[in-house]
Amino acid sequence: MDQGLNLTIRELTRNPRFRRHVLGVGVTVAVFSYLGPFGTSGRLTAVELVIYWTLAIVPNWALAVIVFPYSLGDRFRTLRGYLPAAAVATLACAVPGTGLILALEAWMAEPIESARSVAYVYSCVVLVFFVLAFLSYRLLEDPYRAPAPSAPGASAAIPDVLSGDEPHAHPEFLSRLPSHLGKEILHLRMQDHYVEVHTDRGKDMVLLRFRDAMRELDGADGRQVHRSHWVARRAVTGTVRKGGRLFLKLSNDSIVPVSRTFMRDLKGEGWL
């Protein structure tokens with residue numbers, strides 16, 4: 001459990017999008033605490049303003065980050081398609097957001113009971129949520145935008161993630177690796193919600209689903225050879241049979257099973 005928690009924390013702190021969101025939340029809380037909008041500056045002290053807006057912004061920001069990019073799907077790829085869908089999602093997300101504000105008001109000021117006041121709070125939350133939606137779009141834009149088209153006549157560069165040379169463009173997966181592992185990936189192995197990564201410099205665990213790792217390594221000179229294993233072509237040094245089963249021998253002395261599901265394709269591609 002401790003190892004899993006440590007890995008999770010490490011992956012989050014190394015994730016540039018996570019760091020941008022932490023910065024975004026911090027700046028937003030600071031701005032709202034300083035300005036004290038919606039009448040909060042006139043009835044709360046400086047310390048209470050920071051507490052109020054931290055408790056108001058953090059959960060709503062998290063809700064926006066979860067709902068907007070992942071529930072809107074391909075609409076997130078373009079601003080034109082994103083804005084109307086985000087408006088609908090904003091109206092829905094503002095409902096629990098309003099409930100949070102009402103709870104904060106009851107705790108730090110006085111309960112809001114009139115329907116008119118509740119409607120006013122809801123309209124304010126809608127406005128704030130739409131701003132958060134736009135900010136989350138800008139902060140998460142890169143991973144959801146379609147890649148820019150290549151110039152005419154230019155061929156797409158497929159990175160060689162398995163060579164010692166510096167590739168022209170790293171697959172997304174490489175950015176997840178600790179620096180001490182280098183970039184020469186030999187073998188991946190699924191371990192529950194983690195991927196065990198073997199390189200020419202050692203091994204480590206990365207918090208990532210195996211199928212997502214396969215997607216991020218698309219284009220690399222390697223392939224999946226088993227439900228739980230991916231192997232780099234250059235890492236294979238031979239084959240061995242044990243108990244009627246076929247295994248690949250790797251340059252780091254690992255023995256990787258080959259599934260019957262992938263055997264025909266491996267033979268057709270010259271792996272076996």
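In the block above lies the structure referred to throughout.
Summary of the structure given here. Since this is a predicted model, take the numbers as computed values, not measurements.

## Here's the deal with a nonpolar patch on the surface
Piece 1. Residues Leu-23, Val-27, Val-31, Tyr-34 and Leu-35 make up a contiguous nonpolar surface patch of roughly 560 Å² in combined accessible area.
Piece 2. Note that Val-27 resides in helix H2 (residues 16-35).
Piece 3. Assessed through its relative accessible area of 46%, Val-27 is described here as partly exposed.

## Thoughts on the sheet that holds strand S6 (residues 236-242)
Piece 1. Read from one edge to the other, the open sheet built from three strands follows the order S6-S7-S8, with strand pairing classed as antiparallel. This sheet does not close on itself; its edge strands, each paired only once, are S6 and strand S8 (255-257). Put simply, the sheet's adjacent strands are angled 35° from each other on average, direction ignored.

## Notes on the environment of Arg-43
Piece 1. Along the chain, the position of Arg-43 falls in the loop between H2 and helix H3 (46-71).
Piece 2. Residues Arg-43 and Ala-109, spaced 66 residues apart in sequence, show a C-alpha to C-alpha distance of 7.8 Å.

## Looking at the sheet that holds strand S3 (residues 202-207)
Piece 1. Ordered in space as S3-S2-S1-S5-S4, the five strands form an open sheet in which the pairing is antiparallel. Only two strands of the sheet have a single partner each, and these edge strands are S3 and strand S4 (222-226). When strand polarity is set aside, the average angle formed by the axes of neighbouring strands in this sheet is 20°.
Piece 2. Here four bridges tie S4 to strand S5 (residues 229-232), and the two strands are oriented antiparallel to one another. Bridge pairing in S5 places His-226 opposite His-229.

Cut-offs used in this document
Residues numbered from 1 in each chain as written. Predicted model: local features only at pLDDT ≥ 70, side-chain atom pairs only at ≥ 80, totals over all residues. Heavy atoms only, no water. Patch = residues over 30% accessible without salt bridge, like charges linked within 9 Å, V, L, I, M, F, W, Y side chains within 5 Å. Areas by Shrake-Rupley, 256 points an atom, 1.4 Å probe, with all protein chains shown as cover. Salt bridge = Lys/Arg side-chain N within 4 Å of Asp/Glu carboxyl O. Helix = DSSP H or I, 4+ residues; strand = E, 2+ residues; numbered from the N terminus. Buried < 20%, exposed > 50% of the residue type's maximum accessible area, 1.4 Å probe, protein only. Pairing = 2+ DSSP bridges. Axes fitted to C-alpha atoms, helices over the stretch in contact; angles between N-to-C directions.

Structural measurements only, silent on function.
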